[in-house]
Amino acid sequence: MLSRRHLILTGFAASALAACGKPAAKGNVLSVAATAVPHAEILKVITPDLAAKGITLDIKVFNDYVQPNLQVDQGLIDANYFQTLPYLDSFNKERGTKLVTVVGVHVEPFGGYSRKHKAIGDLPQGAVIAVPNDASNTGRALILLHKNGLITLKDPTNINATLKDIAGNPKGFVFKELESPSLPRVLPEVDLALINTNYALDAKLDPKKDALIIEGADSPYINYLVARADKKDDLRIKALAEALTSQKVKDFIAKTYNGAVIAAF
């Protein structure tokens, strides 16, 4: 049987360990939901760094934007890394979830792509344009079209703009709202598709070369590490946030994605 003095010392050591910011020995598997490119690729780069701190990173790859949030909210996964703040705000409002941002990591300039046309000016009268069907990305797509003179919005600063907010459409474009993951697949069937960069990269599209229109590096759509509010201060998640905003990650992003992904820290 352990002596009272031994128990006191053991408790003190555990408290000291926590105070040093080191995760407890138990429960050191940290699960993170991510889309395949670039999020999961970036997470793989820092897996050894977290392992050196005693944290096993379990990367769960998803090809949609809904399940990663639902599973974090339900406590099935510890955190996720795939989304912008406007998308998260919209999701929380619509689904009643209360997920929070932990740290901003990178920006993926959003672009418009075509298999049928080589320049944006080639879009014909009545061209079919595919846009994401979730509120934040629909608005993002419409703002990009507005900035490039293709349509006019009632309020070009409204990130939640919908098709009903189009005030001018001189070429009579026809819009199709589709699930974000499906947009690269419909490229042969439409004149232009507005595609999130993670899905564009996954489809082997090069945003810098293939996009006919694209956001600038000043895009406000930063991709965040996200968690439940009660897990935001978990030492393992803090360690992940630190690793995601390290010079190692900044160098990896610059070298690997050639401007298609830009570090935001």
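An account of the accompanying structure is given in this report. (Residues numbered from 1 in each chain as written. Predicted model: local features only at pLDDT ≥ 70, side-chain atom pairs only at ≥ 80, totals over all residues. Heavy atoms only, no water.)

### Comments concerning the sheet that holds strand β6 (residues 128–132)
Ordered in space as β9-β6-β10-β5-β11, the five strands form an open sheet in which the pairing is mixed. Each edge of the sheet is formed by a strand with only one pairing partner; in this case those strands are β9 (174–178) and β11 (213–214). Inspection of the sheet shows β6 paired to strand β10 (residues 192–195) by two bridges, in the parallel sense. Residue pairing across strands places Ala130 opposite Ala193, the latter belonging to β10. Strand contacts of helix α5 (residues 135–147): β5 (111–113), β6, β9, β10 and β11, with the helix running at about 135° to β6, the strand carrying the most contacts. (Pairing = 2+ DSSP bridges. Helix = DSSP H or I, 4+ residues; strand = E, 2+ residues; numbered from the N terminus. Contact = heavy atoms within 4.5 Å. Axes fitted to C-alpha atoms, helices over the stretch in contact; angles between N-to-C directions.)

### Details of the pairing of strand β4 (residues 99–107)
Strand direction decides the pairing type here: β4 and strand β12 (residues 222–228), joined by seven bridges, are antiparallel. Of the residues in β12, the one forming a bridge with Val100 is Ala227. Pairing analysis gives two bridges linking β4 to strand β13 (residues 262–263), with the strands arranged antiparallel. Paired with His106 across the bridge in β13 is Ala263.

### Topic: helix α9 (residues 247–257)
Restricting attention to buried positions, one finds in α9 the residues Val249, Ile253 and Tyr257. Relative to the axis of α9, the buried residues are bounded by an arc of 40° and lie together on one face. In α9, the exposed positions angled more than 90 degrees off the buried face are occupied by Gln247, Ala254 and Lys255. Structurally, α9 contributes buried residues whose contacts are with α2 (36–51), β4, α6 (197–202), α8 (235–244) and β13. Phi turns positive, to about 50°, at Asn258, one or two residues after α9. (Buried < 20%, exposed > 50% of the residue type's maximum accessible area, 1.4 Å probe, protein only. Arc of directions from axis to C-beta.)

### Some points on the nonpolar core
Counting residues in each nonpolar core, the largest one holds 29 residues, and the members touching the most others are Leu43, Leu225, Leu240 and Leu244. Looking at this core, the elements that each hand over two or more residues are β1 (29–35), α2, β3 (79–84), β4, β12, α8 and α9. Setting aside chain neighbours within four positions, we find Leu240 in contact with Leu30, Val32, Leu43, Ile46, Leu50, Leu57 and Leu225. Counting residues in each nonpolar core, the second largest holds 21 residues, with Ala127, Leu144, Ala161 and Phe173 among its members. (Core = buried A, V, L, I, M, F, W, Y, C linked by side-chain atoms within 4.5 Å.)

### Re the sheet that holds β4
Overall, mixed pairing links the six strands, which are arranged β2-β1-β3-β12-β4-β13 in an open sheet. Each edge of the open sheet carries a strand with a single partner, namely β2 (56–62) and β13. Across three bridges, β1 lies against β3 in parallel orientation. Directly across from Ala34, in β3, lies its bridge partner Tyr81. On the sheet, helix α4 (residues 85–95) packs against β3, β4 and β12 and is oriented at approximately 110° with respect to β3.

### With respect to the packing of aromatic side chains
Across all of its chains, the model carries six aromatic pairs by this definition. Ring plane angle 35° and centroid distance 5.2 Å describe the contact between Tyr65 and Tyr199, whose orientation is recorded as tilted. Of this pair, Tyr65 sits in the loop between β2 and α3 (67–73) while Tyr199 sits in helix α6; the two residues are 134 residues apart in sequence, bridging distant segments of the chain. What makes Tyr65 buried here is its relative accessible area of 8%. On the basis of relative accessibility, which here comes to 7%, the residue Tyr199 falls in the buried class. Seen in terms of ring centroids, Phe252 and Tyr257 are 5.9 Å apart; in terms of plane orientation they differ by 85°. Their pairing is edge-to-face. (Phe/Tyr/Trp six-rings, centres within 6.5 Å; stacked < 30°, edge-to-face > 60°.)

### A few points about the packing of α4 against α5
Relative orientation of the contacting elements α4 and α5 amounts to 140°, with a least axis distance of 8 Å. Classified by the angle their axes make, α4 and α5 are oblique. Of the residues in α5, those in contact with Pro86, Tyr87, Ser90 and Glu94 of α4 are Ala135, Ser136 and Asn137. For the contact of α4 with α5, a count of residues per class yields three nonpolar, three polar and one charged. (Parallel < 35°, antiparallel > 145°, perpendicular 65-115°, else oblique. Nonpolar A, V, L, I, M, F, W, Y, C, P; charged D, E, K, R; others polar.)

### Brief notes about the environment of Ile213
In this fold, Ile213 is placed in strand β11. Between the C-alpha atoms of Ile213 and Lys147, which are 66 residues apart in sequence, the distance is 9.6 Å. For Ile213, the residues in contact, after removing those within four places along its chain, are Phe110, Gly111, Gly112, Ile120, Leu144, Leu145, Asn148, Leu150 and Leu194.

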